[in-house]
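Each chain, written out:
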Amino acid sequence: MAEFTLHDLQCFDAVVRTGGFQPAAAMLYRSHPAVFAAVAKLERQLDLCLLDRSGYRVRATEAGLSFHRRALSLLRELDGLRVHAAQLAMGEESEIHVVIGDLCPRPHVLGMLGRFFAQCPGTRLHLHFEAVGGPWERLFDDEADLILHWVDKGDARVEWVDLCKVSFIPVVAPGFLPGRIEQPITLDQMQALTQCVMRDSARHSPQQNYSLIEGAPQCFVADQGMKKEIILQGLGWGHLPRFLIEEELHDGRLQSIAGRHLPGRTDELVVARRRDRPHGPIANRLWDHIQQEAPALRRALEPSRPAGQIPTNLSRKAQVETGR
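A short tour of the structure in this document, coming up. Note that this is a predicted model, so its numbers are computed, not measured. Residue positions within a chain follow its written sequence, with the count starting from 1. With pLDDT at 70 or above as the cut-off, local features in this predicted model cover only qualifying residues; side-chain atom pairs require 80 or more to be listed or tallied, and sums for whole chains, interfaces and linings still use all residues. Calculation of side-chain values draws on the structure's entire complement of heavy atoms; hydrogens and water are dropped beforehand.

Examining helix α9 (residues 242-251)
At step 1: Accessibility here uses a 1.4 Å probe with only protein chains present; expressed as a share of the type maximum, an area under 20% marks a residue as buried, one over 50% as exposed, and anything in between as partly exposed. Secondary structure follows DSSP: runs of H or I at least 4 residues long count as helices, runs of E at least 2 residues long count as strands, and numbering of each begins at the N terminus. For α9, the complete set of buried residues consists of R242, I245, E246, E248 and L249.
At step 2: Between two residues, a contact is recorded if the distance between any of their heavy atoms is within 4.5 Å. Packing partners of the buried residues in α9 comprise β6 (158-172), α8 (224-232), β9 (238-241) and β10 (255-256).
At step 3: Positive phi appears at G252, one or two residues downstream of α9, with a value of about 90 degrees.

Focus: the packing of α8 against α9
For any two helices packed against each other, the geometry is given by the interaxial angle and the distance between the axes.
At step 1: Here, axes are lines fitted to C-alpha atoms. For helices the fit covers the stretch in contact, and angles between N-to-C directions go from 0 to 180 degrees. It is at 11 Å that the axes of α8 and α9 come closest, and there the two elements cross at 25 degrees. One finds that α8 runs roughly parallel with respect to α9. Pair α8 / α9 crosses with right-handed handedness. Touching Q224, K228 and L232 of α8 are L244, I245 and E248, all from α9.
At step 2: Here the term charged refers only to Asp, Glu, Lys and Arg, the term nonpolar to Ala, Val, Leu, Ile, Met, Phe, Trp, Tyr, Cys and Pro, and the term polar to all other amino acids, Gly among them. Grouping the constituent residues of the contact of α8 with α9 by class yields three nonpolar, one polar and two charged. For classification purposes, angles smaller than 35 degrees are called roughly parallel, those larger than 145 roughly antiparallel, those between 65 and 115 roughly perpendicular, and all remaining angles oblique. Helix crossings get a hand from a simple test, with the near helix turned counterclockwise from the far one by less than a right angle marking a left-handed crossing and a clockwise turn marking a right-handed one.

A word on the pairing of β6
At step 1: The pairing criterion for strands is at least two bridges between them, as found by DSSP. In this sheet, strand β11 (residues 265-274) lies alongside β6 in antiparallel orientation, the contact comprising 10 bridges. Looking at the pairing, F168 lines up with R265 of β11.
At step 2: Here β6 pairs with β9 via four bridges, running antiparallel. Paired with V171 across the two strands is G238, which belongs to β9.
At step 3: Bridging between β6 and β10 involves two bridges; their strand directions are antiparallel.

Remarks on unusual backbone geometry
At step 1: Residue Y29 is not a glycine yet carries a positive backbone phi of 60 degrees.
At step 2: With respect to the helices and strands, the residue Y29 is situated in the loop between α2 (21-28) and α3 (32-46).
At step 3: In this structure Y29 comes out as exposed when scored by relative accessible area, which is 79%.
At step 4: We note that D142 has phi near 60 degrees; this positive angle belongs to a residue other than glycine.
At step 5: By the element assignment, D142 lies in the loop between α6 (134-140) and β5 (146-149).

Notes on the packing of aromatic side chains
At step 1: Here the aromatic set is Phe, Tyr and Trp, taking the six-membered ring for Trp, and pairing holds for ring centres within 6.5 Å; pairs whose planes are under 30 degrees apart are stacked, those over 60 apart are edge-to-face, and all others are tilted. Applying the stated criterion to the full structure yields six aromatic pairs.
At step 2: Relative to W150, the ring of W136 has its centre 6.4 Å away and its plane inclined at 10 degrees; by these criteria the two rings are stacked. Of the two residues, W136 is situated in helix α6 and W150 in the loop between β5 and β6; the sequence distance between them amounts to 14 residues. Neither residue differs from the other here; W136 and W150 are each classed as buried.
At step 3: Here the aromatic cluster, defined as three or more aromatic residues joined through ring pairs, consists of F4, F12 and F67.
At step 4: We note R265 situated over the ring of F168; from NZ or CZ to the ring centre the distance is 4.2 Å.
At step 5: The rule is short: NZ of Lys or CZ of Arg within 6 Å of the ring centre and within 35 degrees of the ring normal puts a charge over the ring. The ring of W287 carries the charged tip of R273 above its face, separated from the ring centre by 4.3 Å.

Observations concerning the pattern of salt bridges
At step 1: The term salt bridge refers to a pairing of a side-chain nitrogen on Lys or Arg with a carboxyl oxygen on Asp or Glu at a separation within 4 Å. Within the structure shown, the criterion is met by 23 salt bridges.
At step 2: Among the salt bridges present, the one from R203 reaches D141, with a minimum N-O distance of 3.5 Å. Of this pair, R203 sits in the loop between β7 (195-198) and β8 (218-221) while D141 sits in the loop between α6 and β5; the two residues are 62 residues apart in sequence, bridging distant segments of the chain.
At step 3: The class of D141 is partly exposed, set by a relative accessible area of 28%.
At step 4: Residue R253 is joined to E248 by a salt bridge in which the shortest nitrogen-to-oxygen separation is 3.7 Å.
At step 5: Three or more residues joined by partner-sharing salt bridges are found here, namely E130, E137, R138, D141, E143 and R203.

So, a nonpolar patch on the surface
At step 1: For patch building, the residue pool is restricted to those with more than 30% relative accessible area and no salt bridge; the joining distance is 9 Å between like charges and 5 Å between nonpolar side chains (Val, Leu, Ile, Met, Phe, Trp, Tyr). All accessible-area figures derive from a Shrake-Rupley calculation using a 1.4 Å probe, and residue coverage is judged against the displayed protein chains alone. Judged by side-chain polarity, L110, L127 and F129 come together as a nonpolar surface patch covering roughly 230 Å² of accessible area.
At step 2: Counting through the fold element by element, F129 comes out in strand β4 (residues 124-129).

Points about the nonpolar core
At step 1: Grouping buried Ala, Val, Leu, Ile, Met, Phe, Trp, Tyr and Cys residues that are joined through side-chain atoms within 4.5 Å yields what is termed a nonpolar core. In terms of nonpolar packing, the biggest core is built from 29 residues, with L146, L148, L163, L269, V271, L286 and I290 touching the most fellow members.
At step 2: Elements that contribute at least two residues to this core include exactly β3 (95-100), α5 (106-117), β5, β6, β11 and α10 (281-300).
At step 3: In terms of residue count, α10 provides more of this core than any other element does, seven residues in total.
At step 4: Non-local contacts of V271, meaning those with residues more than four positions away in its chain, are made with L146, I147, L148, E159, W160, V161, L163, W287 and I290.
At step 5: Within the second largest apolar cluster, 20 residues are counted, among which are L9, C11, V39 and F67.

Everything listed here is a matter of geometry and, on its own, says nothing about what the molecule does.
Next up, the structure:
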């Protein structure tokens, strides 16, 4: 059996992924004849028919699928070796771009970053604040070295470290709910009331919204601080991270309306970066620093007291009469 090359394997992989020689050539920035010749040579060298060319789209044969599965591990190792070589060739970065998402406890996260960059005077920190899908978009637009947000953990392009869980509680200001609304509060009952919602800061990705009640009037805001103030002033209701409203829940300025129909939600805050991109020494040290600080962050965000809730079957009128 003659020796085949990595170029042959890359061409075969691209054809299997794209379903054709022309799209494979475009993906590899090579000519159609070059890709076709590489795959044909690979088949001759292996004495195997790897592709079924009888249909509109090229498909891998049974032998081709089996061979492709084994080839993928080698190609992944090659990609990893390239990234590692690029990292070895990099000096200390002059700047680092970090995106903080809307579910971050900002004082804790900024303090964590401040402690690190105080020891790196030669590296400038560029901070970006994004909401909903914005951090994810910046990461894949190569505009961020790392993000502190939630991620799709099923995406093989990303590596992450769990930092903490962030609970979101549906809340209202006292007196916001009409007298006709009683526990258990249903989505239909809330549909006529203004819901305060975080605006997705993604620029070109599909817009994402969470916990929306379809058809309800909505007030969009850019950050959790503005959202909290709007809800405190009785201009709307919405879900807020528990770490942001501990005191207000305790002293009654906000009340939880969580229940069977409005259960709230819990998001996982992680630090994430691209697995398929090289990272310089400062970025790697920052990654390690955040991992080391994660336990302290989790302890700081542990709820200190139960969330204040509107008592079951207690209407707005009854709340006023009892001073709630």
